[in-house]
Structures are given as structure tokens and as C-alpha cells.
Amino acid sequence: RTIPIPSGSAICWAGSCTIASWRSLSSMQDRPMVLFVNHTLDRKAGGAEQVLSSLLTGLAPSPFALRLAAPRKADRENEISPEVERHWLPPFHMDPTRSIANLARTALSLLRANLAFGVLVRRLRPDVIYVNSIFALHFAALPALVLGVPFVYHEHNLVSQRSGSIWHRAFPLLVRRARRVVAISEAVAEELRDLGVPDEMIQVVHNAIDLPLPTVERTARDFDERPFRVVLVANLHRWKGHATIIEAIALAAEDGLDLSATFFGREQDADFARTLRERARTRGIADRIDFQGFVPDAAARLVEFDALVLASDSEPFGLAILEGMRAEIPVVASAAGGALEIIEHGTSGLLFEPGDARALADCFRRLAEDTTLRESLVGGACTALEERFSPDAQIAGVRDALEQALSS
């Protein structure tokens, strides 16, 4: 069932409910209640929203009573397990523009979300709150702390990648108040430790992917008849390495390699998107670069391509890498961040130094010219998926974090 929370509510959610009476009422439930909270359900936002959907599905048959709080988005409701009771928060304003008017709108949106979430927490009396994004952390942490409810924070990004953001200013203080912090990679965990989060609070839980890929029609790979096609699945952020890929395609073309690249991902920065297109034109390869925007069925479409590339300056994890492995196409990624925890160079994929377009072009050439190498990398990737990145392992890690938060 779904229960809306009035967006204009200014109820004092702290009220007179003491922590002692709170815990007494909470203990009367048959199962510990876990309230998940996120700032959006829109999968266009990024991998964190995909992970949220997977966690709610995987945890549904569990010893926890699951609840979800998020701004309503009608076309995403059906993706949530029917076993999860949903509660709708007011829309959350996230425009990154730093004008005075926009900052005022963001502050008002944050206050409204804070009040609405506080009302919800006071009414539901959850045993633990599971915060799935930094934006949700900003409106969920204060009600949790005031009302004495422990919360777990799931970090999906590298702290260093948002150091200049307004959302980073309060983050160090807020994250250190979490009962447990789930990090999607050791690279993310290391930056949290540098921020002062105690090591005993951090639990590394890698992202996972369902196996096998649903049956789809695979495209014959005859590179003598057509270009070698690579694909990147990532929203257009500057740190995602789109510019490096464009330069690598240009270098490969100069060397005589017939190569093309397709970009799946939302254009979140219009100026950056124009810069990329202009760069492709300047290098004479505009016809080899295909910007397709957000593609709902991107994971299923990967089988159309010959390789997946992730060229980020530093990647928190790299869920797209797992998707490429599952599609049984070789993967090339920059040797930084979470990618180093997924790929064993030469066994389950190829690695290159971040920003090194020449090295990336050489990786493309190796894959295009060596059938044995491609088949070997695909085999090694399948083994890695089965042994290390299963949904069961991810759910077990999150369940353990929740149990630790409840018992500590």
C-alpha cells in the first residue's frame, strides 16, 4: 500500500515522544522495521537507484518489515516489490545551478523534505533507517538523530568527486553519525576513512548483478564487414571519460582501425555535451560517435556491441562493468577506483591508465584483432561474476549491516 505524506506539513515531529517510549512501541512489532529512504526513484539518476530496487527485491523475503520513503514517481512504482510498503515524500529539488534563487529553492525543498520525513518517522517508528543517497542523508539524518533511530548510510560515490559540491559541506558531520556505513568498494571505503569515519563502522558490500542475462538476439561479430563497436553506459559527467574515448577513437582511426563508439547516458550538462560533439567534429570522427541519451533497456542492448568501455578518471565501483561482463562482451576500464576490484587485467578484462587515450586505443586494437583474447576475457569475466558479484552476496552484506546497526 502507499501512504502520501503532506508536502506542506510543518508539524513538529520531535514532539513529546521520548526515546524510551519510542523503543517500547518499536519492540512490539513482529519483525524489526527498516525504513529505506532515497531522494528519487528515477533510474536515470544513476546506479544508486538501480541498487535500491535490487535491495528491496532481494530483502523482501527476510526477517525485516520493509518500508520505503521517496518522492513519488508514478512510472517507477511498479518496479518496487509489492511486499514493500511505500510512503511518498514531497518532490526534491536538485538543480545544481548556484544562483541565489536556485539555492533558495534547494533550501526550501530540503526543509520541506526534512519536515515530511520527520513526520513519517515519528508515525512509523522504524527500528532502523537505511539512507541510500547523500541527498537523502541531508533530510533524513536530523530526524533520525533527534528521534533516536539508528541509521545506516549507503555510499555509492567517491567522496573526492563531490568535494566542491554544496552537498559535501555537511556530509562529514552527518556520515560520522551513522551507525553503519556501507561502501560499494574498498576505494570508496578508503576515502571515508580519510574523512574520519571509523573503520569499524564501514562495511564494503560490492554491487551485484543478476545472472544470466535474459535471452536476447546476439549480433554476429564479423569485423571484416563492419566497424568494431564499443559502448559506454554512463551519464555525461566530465569525470566519466567520454573525452578520452573520443580521442582514442580518433587515434585508432588514424592508425587505420575501423572503430565506432556509442554513448548511452543522460546529458546532464548541456555545455559539456556540446564540447564533446565539437571535439568529435574537430577530430574528424563525428560520424563514428553516437550520442543516444538515456536508454531504458541499455543492459539488454549491450549484446549489440563488441566491447564495453569505462574510462572514468576514478570510478566508485562500475556497475556497467558487470553489465558488460554479463552480456559476454569484453570490457576495458581505466585502472582506478572500483574497477581495480572487479577486473583482473588480461584475465577478466583490460585496464589502462586513466586519461591515456593512446593506451585505450591500443586496447581497442588488441580486442579487434585477437579473437582468442576476446573469448578468454569473456570466460574470465563470467567466472568473476559467478564467484564474487552475485546478488546473494550483496544482500547478505546489507543484511549484516542492518543487524549490526540494530544490535550496537
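Right above here is the structure, for reference.
Figured I'd write up the structure that's included with this text. From a predicted model like this one, the values you see are computed outputs, not experimental measurements. (Residues numbered from 1 in each chain as written. Predicted model: local features only at pLDDT ≥ 70, side-chain atom pairs only at ≥ 80, totals over all residues. Heavy atoms only, no water.)

## Regarding the overall build of the chain
Condition: The secondary structure listing takes helices from DSSP runs of H or I that are at least 4 residues long and strands from runs of E that are at least 2 residues long, numbered from the N terminus. The buried label goes to any residue with under 20% of its type's maximum accessible area, the exposed label to any with over 50%, and the partly exposed label to all in between, with areas taken from a 1.4 Å probe on protein chains only. We call two residues in contact when some of their heavy atoms are within 4.5 Å. Using a 1.4 Å probe, the Shrake-Rupley method yields the accessible areas, and only the shown protein chains count as cover for residues.
A count of helices and strands for the chain gives 14 helices and 14 strands. Relative to its full complement of 408 residues, the chain shows a buried share of 55%. In the chain, 69% of the contacts between residues at least 6 apart in sequence involve partners at least 24 apart. Counting every atom, the chain has about 17300 Å² of accessible surface; 50% of that belongs to carbon and sulfur.

## So, the sheet that holds strand S12 (residues 307-310)
Where strands meet in a sheet, backbone hydrogen bonds hold them as pairs that are either parallel or antiparallel. Test applied: In this description, strands pair whenever DSSP reports at least two bridges between them. For helices, the fitted axis covers only the stretch in contact; all axes are lines through C-alpha atoms, and the angles between them, taken along N-to-C directions, range from 0 to 180 degrees.
One open sheet accounts for six strands, arranged S11-S10-S9-S12-S13-S14; its pairing is parallel. The open sheet has two edge strands, strand S11 (289-293) and strand S14 (350-352), and neither has a second partner. Averaged over all pairs of adjacent strands, the angle between their axes in this sheet comes to 25°, without regard to strand direction. Across three bridges, the pairing between strand S13 (residues 331-334) and S14 is parallel.

## Digging into the pattern of salt bridges
What counts is decided by this rule: Each salt bridge in this description consists of a side-chain nitrogen of Lys or Arg and a carboxyl oxygen of Asp or Glu lying within 4 Å of one another.
Per the stated rule, a full pass over the model turns up 18 salt bridges. Notably, a salt bridge pairs Glu186 with Arg193, separated by 2.6 Å at the nearest N-O pair. What you see here is one network of salt bridges that share partners, running through Glu186, Glu190, Arg193 and Asp199.

## Examining the packing of aromatic side chains
Spelled out, the test is: Two rings from Phe, Tyr or Trp (for Trp, the six-membered ring) form a pair when their centres sit within 6.5 Å of each other. Planes less than 30 degrees apart are called stacked, planes more than 60 degrees apart edge-to-face, and all others tilted. Should the NZ of a Lys or the CZ of an Arg lie within 6 Å of a ring centre and within 35 degrees of the ring normal, that charge is described as sitting over the ring.
Under the defined criterion, the tally for this structure stands at nine aromatic pairs. Between the aromatic rings of Phe117 and Phe139, the centroid separation amounts to 6.1 Å while the plane-to-plane angle is 70°, which identifies the pairing as edge-to-face. Residue Phe117 is found in helix H3 (residues 100-124), and its partner Phe139 is found in helix H4 (residues 134-147); the two are separated by 22 residues along the sequence. For the residue pair Phe117 and Phe139, the accessibility class agrees, reading buried in each case. With a centroid separation of 5.2 Å and an interplanar angle of 80°, the aromatic rings of Phe263 and Phe291 are classed as edge-to-face. On the criterion of sequence distance, the pair formed by Phe263 in strand S10 (residues 259-264) and Phe291 in strand S11 is long-range, its members being 28 residues apart. The exposure class of Phe291 is buried, given its relative accessible area of 16%. Feature note: the residues Phe92, Phe117, Phe135, Phe139 and Trp167 constitute an aromatic cluster, connected by ring pairs. Sitting over the face of the ring of Phe171, Arg162 holds its NZ or CZ atom 4.4 Å from the ring centroid.

Distances and angles like these do not, on their own, reveal function.
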